[in-house]
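Read off the chains here:
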Amino acid sequence: MLRPGQTIQLTVVALLGIAVVMVISAGMTVGDVTGTGQGGGFDAGTFLSSQAVQYAVASFVLMTVASRINLRHLASMPIWRNPVTWAMGVSLVLVVLTWVPGLGLTINGARRWLPLYPGASRTFQPSELVKWSIVIALAAWCATQQHHMHRFFRGLLPVLGM
């Protein structure tokens, strides 16, 4: 018998698999398996090196790692040692770094990007990290303050401030 968490994980993996198939089939390219340059078949190397498959594998690894985190232990940690606090702080600092001249990149008229490393052509938006950090911070807050959540000033108002 599967536990509820395992059922959710299997459902997420199934939906992820369907999504990968849909994304790849929407822009399907046929690789050259004959070696003649003519195309004509399915190339597993092309499929496995696609961005959709790489993101799916990374998502599966992150889901597995996240499922092993002991939330009760995190909730009992002091705020300055809690990784949720650090993740929120680092993500907000990265957003501020986008405003620093020479660090933040302007793409399509918006200054929201940071290079992955100096001189890199690949960039990322720190706001994406902030979104995940806020979700995790709100979940942690609601878990630790669940006995106050029915009150407006002690339960909901601090959450709305985030």
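Structure: see above.
Thresholds applied
- Residues numbered from 1 in each chain as written.
- Predicted model: local features only at pLDDT ≥ 70, side-chain atom pairs only at ≥ 80, totals over all residues.
- Heavy atoms only, no water.
- Helix = DSSP H or I, 4+ residues; strand = E, 2+ residues; numbered from the N terminus.
- Contact = heavy atoms within 4.5 Å.
- Areas by Shrake-Rupley, 256 points an atom, 1.4 Å probe, with all protein chains shown as cover.
- Patch = residues over 30% accessible without salt bridge, like charges linked within 9 Å, V, L, I, M, F, W, Y side chains within 5 Å.
- Salt bridge = Lys/Arg side-chain N within 4 Å of Asp/Glu carboxyl O.
- Pairing = 2+ DSSP bridges.
- Axes fitted to C-alpha atoms, helices over the stretch in contact; angles between N-to-C directions.
- Parallel < 35°, antiparallel > 145°, perpendicular 65-115°, else oblique.
- Nonpolar A, V, L, I, M, F, W, Y, C, P; charged D, E, K, R; others polar.
- Phe/Tyr/Trp six-rings, centres within 6.5 Å; stacked < 30°, edge-to-face > 60°.
- Buried < 20%, exposed > 50% of the residue type's maximum accessible area, 1.4 Å probe, protein only.
- Core = buried A, V, L, I, M, F, W, Y, C linked by side-chain atoms within 4.5 Å.

Caption draft 1: Geometry of the overall build of the protein chain. When you go through the protein chain residue by residue, the secondary structure sums to seven helices and three strands. Counting from the amino terminus, the protein chain carries its helices and strands in the arrangement α-α-α-α-α-β-β-β-α-α. Sequence-distant contacts in the protein chain: of pairs separated by 6 or more residues, those separated by 24 or more amount to 31%. Of the accessible surface of the protein chain, which amounts to about 12100 Å², a share of 69% is contributed by carbon and sulfur atoms.

Caption draft 2: The environment of Thr144, seen in detail. With respect to the secondary-structure elements, Thr144 resides in helix 6 (residues 126-144). Residues Thr144 and Arg72, 72 residues apart in the sequence, show an inter-C-alpha distance of 9.0 Å.

Caption draft 3: Inspection of a nonpolar patch on the surface at higher detail. Nonpolar side chains collect at one region of the surface, where Val13, Val57, Phe60, Val61 and Val65 lie side by side and expose about 400 Å² of accessible area between them. No other element matches the four residues that helix 3 (residues 51-67) contributes to the nonpolar patch. By secondary structure assignment, the location of Phe60 is in helix 3.

Caption draft 4: Structural context of unusual backbone geometry. The backbone of Asn108 sits at a positive phi, close to 55°, despite the residue not being glycine. Position of Asn108 among the secondary structure elements: in the loop between strand 1 (105-107) and strand 2 (110-115).

Caption draft 5: Just the sheet that holds strand 2, in detail. Pairing in this open sheet of three strands is antiparallel, and the strands run 1-2-3 from one edge to the other. With partners counted over all chains shown, the strands left at the sheet margins are strand 1 and strand 3 (123-124), one partner each.

Caption draft 6: Layout of the packing of helix 1 (residues 4-26) against helix 3. Contact pair helix 1 / helix 3: the axes reach a minimum separation of 10 Å and the direction vectors enclose 170°. Our classification of the angle between helix 1 and helix 3 gives roughly antiparallel. Along the contact surface, helix 1 presents Gln9, Val12, Val13, Leu16, Val20, Val23 and Ile24, while helix 3 presents Ala52, Val53, Ala56, Ser59, Phe60, Met63 and Ser67. Taken together, the residues of the contact of helix 1 with helix 3 break down into eleven nonpolar, three polar and no charged.

Caption draft 7: Fine view of the packing of aromatic side chains. Applying the stated criterion across every chain, the model contains one aromatic pair. When the ring of Phe152 is compared with that of Phe153, the centres are 5.2 Å apart and the planes differ by 80°; the resulting orientation is edge-to-face. Overall, Phe152 belongs to the partly exposed group, its relative accessible area being 44%. The exposure class assigned to Phe153 is exposed, which follows from its relative accessible area of 64%.

Caption draft 8: Spotlight on the environment of Ala19. Among the secondary structure elements, Ala19 is positioned in helix 1. Judged by relative accessible area, which is 37%, Ala19 ranks as partly exposed. Taking the C-alpha atoms as reference, Ala19 lies 8.7 Å from Ala52; in sequence the two are 33 residues apart.

Caption draft 9: Fine view of the nonpolar core. Residues Val20, Ile24, Ala52, Val53 and Ala56 constitute the largest nonpolar core, which totals five residues. Secondary structure elements with two or more residues in this core: helix 1 and helix 3. Ala56 has contacts with Leu16 and Val20, leaving out every residue within four places of it along the chain.

Caption draft 10: Expanded view of the packing of helix 6 against helix 7 (residues 152-161). It is at 11 Å that the axes of helix 6 and helix 7 come closest, and there the two elements cross at 175°. It follows from the interaxial angle that helix 6 and helix 7 lie roughly antiparallel. Facing Leu138, Trp141 and Cys142 of helix 6, the residues of helix 7 in contact are Arg154, Gly155, Pro158 and Val159.

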